[in-house]
Amino acid sequence: MKIKQIAKIAGGQDGAIWKDQLFRFDTRGNCFVYDLREVEADTVKELEPLGSFVLDKAELIVPHSNAVCWGRDFFDPSDEYPLLYSNIYNNYAKADDKLIGVCCVYRVERTERSFKTTLVQLIEIGFTEDALLWKACPDSHGVRPYGNFVIDRETGHYYAFVMRNETLGTRYFKFKIPSLSEGEVDPIYGVKRVVLTSEDICNQFDCPYHRFIQGVTIHNNCIYSTEGFNNDEINRPAIRIINLDSKKETQYFDLWDMGYNCEPEMIDFHNGIFYYSDASCYLYSVEF
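Summarised in this report is the structure supplied together with it. Predicted model only: the values in this text are computed from it and were never measured. (Residues numbered from 1 in each chain as written. Predicted model: local features only at pLDDT ≥ 70, side-chain atom pairs only at ≥ 80, totals over all residues. Heavy atoms only, no water.)

1. Description of the sheet that holds strand β1 (residues 2–8)
Overall, mixed pairing links the five strands, which are arranged β5-β1-β23-β22-β21 in an open sheet. The sheet terminates laterally at β5 (45–46) and β21 (264–270), the two strands that pair on one side only. (Pairing = 2+ DSSP bridges. Helix = DSSP H or I, 4+ residues; strand = E, 2+ residues; numbered from the N terminus.)

Quick look at the structure:
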């Protein structure tokens, strides 16, 4: 795998690319949007954002954006952008309701000067207390029970996955993407909340232990999942590739051994190019 530093952008969590626009989020609901056409071939240029915004209803609920994906459906057929999905992850780890396995769904619109979003749905994994399915063991949720997700726009499926522990590994669950008409209106957030139950699981499979999951995307029927922390040789930065046909991990790239020891965050593909950004301000292109 070859990595090339190509630009500087805002640091943060995961992000997603639509057409030539890169949306980069942080843990507080802030997003900066960049035009990838401004990347220059042999210069590491600091990109100026096209605009920025704060996710709708951030005073009530704000995702960590550990994983961010575009969906396949549009709120309105005339919209420029499809629905945007961003997960809560561990933003409410110290709250009574930790919102484990919850993902926020937004409509994204361009304004005269920038962008705006509207919260339109919540998706929740309804079996996070089930020791046979989600929990690390009957008596414990483990170190990271919050769960990540990724959307397969080609097939219309929603994958949720969770670290269970080093023995049981990382478990993946496949669902159909809920439609906006599904769910019941949540009285707190004012949008429909869909609760995915064990009966909604299309299939599930286990993979090797992902050491603290970060950003994720799907490309050519494979999940690309980043992991690891800053300067942590045990939980080292890495990228895993999971083939969705075989339901097996097919490749593991150790970023630490390649000299990249900053926590990996944003990953996505665009026009055949794999983009990757760490917790700092650097954006990279990757060749496999």
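2. Overview of the packing of aromatic side chains
Within this structure, the stated rule accounts for 28 aromatic pairs. Ring centres of Phe23 and Phe115 lie 5.6 Å apart, and the angle between their planes is 70°; this geometry places the pair in the edge-to-face category. Note that Phe23 is positioned in strand β3 (residues 21–25) and Phe115 in strand β10 (residues 115–125), a separation of 92 residues in sequence. Each ring, one from Tyr224 and one from Phe269, has its centre 4.9 Å from the other, and the planes form 65°; the classification is edge-to-face. Separated by 45 residues along the polypeptide, Tyr224 in strand β18 (residues 222–227) and Phe269 in strand β21 bring together distant segments of the chain. Grouping residues by exposure puts Tyr224 and Phe269 together as buried. Every member of this aromatic cluster is reached through a ring pair, and the members are Trp18, Phe23, Phe25, Phe53, Trp70, Phe74, Tyr81 and Phe115. (Phe/Tyr/Trp six-rings, centres within 6.5 Å; stacked < 30°, edge-to-face > 60°. Buried < 20%, exposed > 50% of the residue type's maximum accessible area, 1.4 Å probe, protein only.)

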